[in-house]
Amino acid sequence: MADKLFIFDTTLRDGEQVPGCQLNTIEKIQVARALETLGVDVIEAGFPVSSPGDFNSVVEISKAVTWPTICALTRAVEKDIEVAADSLKYAKRGRIHTGIGTSYYHIKHKFNSTEEEILERAIAAVKYAKKFVEDVEFYCEDAGRTDNVYLARVVEAVIKAGATVVNIPDTTGYCLPSEYGEKIKFLMENVKGVHNAVLSTHCHNDLGMATANTIAGVLNGARQVEVTINGIGERAGNTALEEVVMILKSHQEMGIESNINTQKIFPTSRMISSLMNMPVQPNKAIVGRNAFAHSSGIHQDGVLKNRESYEIIDPKDVGIDDNAIVLTARSGRAALKHRLSILGVELSQEKLDMVYEEFLKLADRKKDINDDDVLMLAGKDRLDTQRIKLEYLQVTSGIGIKSVASICLNIAGEKFEAAASGNGPVDAAIKAVKQIVHRQMVIEEFLIQAINKGSDDMGKVHMQVQHEGLNYYGFSANTDIIAASIEAYIDAINKFVK
Ligand code: KIV
Ligand code: ZN
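Residues numbered from 1 in each chain as written. Chains lettered and ligands numbered in written order. Predicted model: local features only at pLDDT ≥ 70, side-chain atom pairs only at ≥ 80, totals over all residues. Heavy atoms only, no water.

## Quick look at the packing of helix α15 (residues 425–437) against helix α16 (residues 481–494)
Item 1. Where α15 meets α16, the closest approach of the two axes is 10 Å, and the angle between their N-to-C directions is 30°. As far as their axial angle goes, α16 and α15 are roughly parallel. Of the two elements, α15 crosses α16, and the hand of that crossing is right-handed. Across the interface between the two elements, P425, V426, A429, I430, V433, K434 and V437 of α15 pack against I482, S485, I486, Y489 and I493 of α16.
Item 2. Counted by class, the contact of α15 with α16 contains 10 nonpolar, one polar and one charged residues. (Axes fitted to C-alpha atoms, helices over the stretch in contact; angles between N-to-C directions. Helix = DSSP H or I, 4+ residues; strand = E, 2+ residues; numbered from the N terminus. Parallel < 35°, antiparallel > 145°, perpendicular 65-115°, else oblique. Left-handed = near helix turned anticlockwise from the far one by under 90°. Contact = heavy atoms within 4.5 Å. Nonpolar A, V, L, I, M, F, W, Y, C, P; charged D, E, K, R; others polar.)

## Considering empty space enclosed by the protein
Item 1. Applying the stated criterion to the full structure yields three cavities of 30 Å³ or more.
Item 2. Of the volumes computed, that of the second largest cavity is approximately 40 Å³.
Item 3. Every residue along the wall of the second largest cavity is listed here: S273, S274, N277, M278, P279, M376, K460, H462 and F475.
Item 4. Secondary-structure elements contributing two or more residues to the lining of the second largest cavity are α10 (265–276) and β15 (459–467).
Item 5. Class assignment for the residues of the lining of the second largest cavity results in four nonpolar, four polar and one charged. (1 Å grid on protein atoms, 1.4 Å probe; cavity = no way out; pocket = protein on both sides within 12 Å on 5 of 7 lines; lining within 4 Å. Points joined across faces, edges and corners; volume = space filled by probe spheres on them.)

## A look at α15
Item 1. Here α15 contains 13 residues, and its C-alpha end-to-end distance of 18 Å stays within 8% of the 18 Å for a straight helix at 1.5 Å per residue.
Item 2. Taken residue by residue, α15 has P425, V426, A428, A429, I430, A432, V433, I436 and V437 as its buried positions.
Item 3. Packed against the buried residues of α15 are β11 (388–396), β12 (403–411), β13 (414–422), β14 (442–450), β15 and α16.
Item 4. Once α15 ends, the next one or two residues include H438, with phi positive near 55°. (Expected span 1.5 Å × (residues − 1). Buried < 20%, exposed > 50% of the residue type's maximum accessible area, 1.4 Å probe, protein only.)

## Observations concerning the pairing of strand β5 (residues 94–101)
Two faces belong to every sheet, and in a regular strand the side chains alternate between them.
Item 1. Of all eight residues making up β5, eight are buried, and the element is well covered by its neighbours.
Item 2. As defined by bridge partners, strand β4 (residues 69–73) adjoins β5 across four bridges and the pair is classed as parallel. Residue pairing across strands places L73 opposite H97, the latter belonging to β5.
Item 3. The parallel pair β4 and β5 is bridged by helix α3 (residues 78–87), and the resulting crossover is right-handed.
Item 4. In terms of strand pairing, β5 meets strand β6 (residues 135–141) through seven bridges, oriented parallel. Considered in β6, the bridge of I100 is made with C140. (Pairing = 2+ DSSP bridges. Right-handed = clockwise from strand over helix to strand, strands pointing away.)

See the structure below:
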């Protein structure tokens, strides 16, 4: 019989730490429900002591989902552990994830401490967490750069203190797969009582080795993997859930399986990308737009003769359905509601009515409405509560003439107009916005992407704006990319103009 691998999803904790990816509690609940449907075993719902918002999200997610264990992160600090325990009070199965840095860098430079002191703090944290919950996971932060002999001492001690899971994070994404695999092997062979707990991988992708390291860990005895959807996470991200799961499915000889319903992978990926405004790179394994697109003639010919000539995964196995129903202007509310529920989005009647209105407007401009469009519309009402809104925008541009934009902004109910010229329509419109808003702002990043294909497609715009040394992120989608660009700019401004 195949061994079970526990899937621990940290999209809502490590993933959500990414600047610009923050979700509100309602959105987090939506993600948590999608993760439950996907079949994850553990949802890391937040770091409750870090903010009232995080605390509240753990409480609400605990109420909203039934099957997965809900996990709350802490430092090895009593107050953190108490707050985490409190946030888990509604969880059907709750886990506290506590830990401390164990590498030389952390012990010496972060804590100015000693190996013995850190060992004591680790044991004390686990014992304290055990007073509140049975299921306690301990992380040895920067385990990737921790000496294996000392790491084994810590792992042995925390298991003895009652840890049910011990997490071996490659926090900086430094390890080579062989090195990380050896580390897990060393622990499996040298820690007394190792079978009383599950060893967990938690690999970051700084050198592009997160998935390879995770698989090396699993091949050497780890039975929990900490992953995120689309591999999002701090810096270069975490191990991608979809990659690990599809590796297990494609390599059955490994004899390891997970509980994931792989057909939910693609819709979950799209939903999270859309809610977090985090584009998926087109060539991303498993979920990228081009992951199953064969463009070269030789490949297309081969796939048509026999799919397996060039494809190791059937796109349907990850939920990519070429025959998915596309919505059109003639589709009713019920069809829209059904499509949204397949995508994991449940709306109140009032919100559904609003989204349907927007849907009809979009369907007037665009022939076929696909899943990405629908998800975009479902998230659009965020703009309604903003202080600065775009009332109208008019641009004149072309070849051989200077671009001119006139704009009207509604700021807290009052209307302001301005006009400006620029080296293109976006430049002109942004200059006009600046005349009204009067702030020092620099655009650090400006990304325009089409959602699908076709000249009537929606354009998605991500913008990073720097103001007083801090970065703010804006997003919009519109069939008019000039309008989408200005809306994204205003979305970013709204983050610092309160
Ligand atoms: O990368 C890391 O070490 C972490 C821990 C807090 C688990 O995210
Ligand atoms: Zn991490």
